[in-house]
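One-letter residues, chain by chain:
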Amino acid sequence: MYWSKRTYGLIAGASILAMAIIAMFSYGYVFEKLIVKGDPIETFSNLKSSYTIFVAAIIGWAAILLLDVLVAWALHHFFKELNPRLSLLTAVLRIVYSVGLAYAILQLVPIVSLLGSSTERYGLVLMKIKSFELIWLKSLIIFGFHLIGLGFVVANINNNFNKFGYLIVFAGLCYVLLNLVKVTFPSLAEEIIMVELILSLPMAMAEIGLGFWLLLKGAKASYQKGKELLI
């Protein structure tokens, strides 16, 4: 089945924006508000009292995982005419990241039964959450390399948008360096949070901006002599 570049752009753009919305709930609300670092008792109490919300958050992570795979496939097909090898490499890196994310999500699943039991196993719940975070952080390093490669692909587009590719490269470097420091030097967590707050704006602009651009690009895909053009 032949799908047009317009279709791939719309799929990738819509999926990226959908992931951002879901992540605001699954990570931005549940993990940031309900999980208290260093306090297993309060964390357990928060999650138990918000049992349904926590289950919904896990479902949200699973949805993000599926959308990530869909984005990897759609982006490769959208950009492969510009740079087949680099486009394929970025797709593979996103798939590898998705495998890591899947393994991280599996760490959260046992927490559901722990919260539903009569025995309050605070330590085990917190251990599973820390395991999720560590695996995810390591996976985000790979995601950063995906963005770097994708940024160089975008930078080779022959229009004014190509400068946006360097913002994507910058976002990828931020992902790699920030998460590498988090994994290697966990004692610097407080300092990293401050730096991450500063860099979060350009990182978000790169990813969400790419989503909107793909929607617009997909909607405006044009043709010349049977070949689609990136305009």
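Residues numbered from 1 in each chain as written. Predicted model: local features only at pLDDT ≥ 70, side-chain atom pairs only at ≥ 80, totals over all residues. Heavy atoms only, no water.

### Some words on the overall build of the protein
Working step 1: Looking only at helices and strands, the protein features 7 helices and 2 strands.
Working step 2: In summary, the protein has a C-alpha radius of gyration of 19 Å against a globular reference of 17 Å for 231 residues, a match within 12%.
Working step 3: Within the protein, the fraction of its 231 residues that count as buried is 43%.
Working step 4: A separation threshold of at least 6 residues defines the contact pool for the protein, and within that pool the share at least 24 residues apart is 78%.
Working step 5: Accessible surface computed for the protein: about 12,100 Å², of which carbon and sulfur atoms make up 70%.
Working step 6: The protein carries 18 positive and 12 negative side-chain charges, and their two centres are separated by 14 Å. (Helix = DSSP H or I, 4+ residues; strand = E, 2+ residues; numbered from the N terminus. Rg over C-alpha atoms; globule rule 2.2 N^0.38 Å. Buried < 20%, exposed > 50% of the residue type's maximum accessible area, 1.4 Å probe, protein only. Contact = heavy atoms within 4.5 Å. Areas by Shrake-Rupley, 256 points an atom, 1.4 Å probe, with all protein chains shown as cover. Lys, Arg positive; Asp, Glu negative; His and termini not counted. Charge placed at Lys NZ, Arg CZ, Asp CG, Glu CD.)

### Let's talk about the environment of Phe 44
Working step 1: Within the fold, Phe 44 resides in helix α2 (residues 40-49).
Working step 2: Judged by its relative accessible area of 1%, Phe 44 falls in the buried class.
Working step 3: Expressed as a C-alpha distance, the spacing of Phe 44 and Gly 123, which sit 79 residues apart in the sequence, is 8.8 Å.
Working step 4: Setting aside residues up to four positions removed in sequence, Phe 44 forms contacts with Leu 114, Leu 115, Thr 119, Glu 120, Arg 121, Tyr 122 and Val 125.

### Concerning the pattern of salt bridges
Between side chains of opposite charge, a pair can form as their charged atoms come close.
Working step 1: Scanning all chains against the criterion turns up 4 salt bridges.
Working step 2: Glu 81 serves as the salt-bridge partner of Lys 5, at 4.0 Å between the closest nitrogen and oxygen. With Lys 5 in helix α1 (residues 5-34) and Glu 81 in the loop between α3 (51-79) and α4 (84-116), this residue pair connects regions lying 76 residues apart in the sequence.
Working step 3: Salt-bridge contacts for Arg 94 lead to Asp 68; the nearest nitrogen and oxygen are separated by 2.8 Å. Within this pair, whereas Arg 94 is found in helix α4, its partner Asp 68 is found in helix α3, the two being separated by 26 residues in sequence. Residue Arg 94 shares its accessibility class with Asp 68, and that shared class is buried. (Salt bridge = Lys/Arg side-chain N within 4 Å of Asp/Glu carboxyl O.)

### Some words on the packing of aromatic side chains
Working step 1: Enumeration according to the criterion identifies 16 aromatic pairs in this entry.
Working step 2: Ring geometry for Tyr 97 and Phe 143: centres 5.1 Å apart, planes at 50 degrees, overall tilted. Taken as a pair, Tyr 97 in helix α4 and Phe 143 in helix α5 (residues 122-155) lie far apart in primary sequence, 46 residues in all.
Working step 3: According to the relative accessible area criterion, Tyr 97 is buried, its value standing at 6%.
Working step 4: With relative accessibility at 4%, the residue Phe 143 sits in the buried group.
Working step 5: An aromatic cluster is present here, built from Tyr 27, Phe 31, Trp 61, Phe 132 and Trp 136 joined pairwise through their rings.
Working step 6: For Lys 5, the ring lying beneath its charged end belongs to Phe 78, and the centroid distance is 5.5 Å. (Phe/Tyr/Trp six-rings, centres within 6.5 Å; stacked < 30°, edge-to-face > 60°. Lys NZ or Arg CZ within 6 Å of the ring centre and 35° of its normal.)

### As for the side chain of Lys 5
Working step 1: Residue classification places Lys 5 among the buried positions, given a relative accessible area of 4%.
Working step 2: Of note is the side chain of Lys 5, whose polar atom sits 3.0 Å from the backbone oxygen of Phe 78. (Polar contact = N/O pair within 3.5 Å; in protein donor to acceptor, adjacent residues only side chain to side chain.)

### A closer look at the side chain of His 76
Working step 1: You can see His 76 is positioned in helix α3.
Working step 2: Owing to a relative accessible area of 17%, His 76 belongs among the buried residues under this scheme.
Working step 3: The residues contacting His 76, other than those within four sequence positions of it, are Pro 84, Ser 87, Leu 88 and Ala 91.

### Comments concerning a nonpolar patch on the surface
Working step 1: Together, Trp 3, Leu 70 and Trp 73 give the surface a local cluster of nonpolar side chains, amounting to about 250 Å² of exposed area.
Working step 2: For Trp 3, the location among the structural elements is in the segment before α1.
Working step 3: Residue class for Trp 3 comes out partly exposed when judged on its relative accessible area of 31%. (Patch = residues over 30% accessible without salt bridge, like charges linked within 9 Å, V, L, I, M, F, W, Y side chains within 5 Å.)

### Considerations on the layout of surface pockets
Remark: the empty space left among the atoms is shown by a probe the size of a water molecule rolled over them.
Working step 1: Approximately 1,800 Å³ is the volume attributed to the largest pocket.
Working step 2: Lining the largest pocket are 49 residues, with Tyr 27, Trp 136, Leu 140, Lys 182 and Glu 196 positioned closest to its centre.
Working step 3: Counting only elements with at least two residues in the lining of the largest pocket, the list comes to α1, α3, α4, α5, α6 (164-184) and α7 (189-219).
Working step 4: With 13 residues, α7 is the single largest residue contributor to the lining of the largest pocket.
Working step 5: The class makeup of the residues in the lining of the largest pocket is 35 nonpolar, 4 polar and 10 charged. (1 Å grid on protein atoms, 1.4 Å probe; cavity = no way out; pocket = protein on both sides within 12 Å on 5 of 7 lines; lining within 4 Å. Points joined across faces, edges and corners; volume = space filled by probe spheres on them. Nonpolar A, V, L, I, M, F, W, Y, C, P; charged D, E, K, R; others polar.)

Remember that the coordinates give geometry; whether it matters functionally is a separate question.
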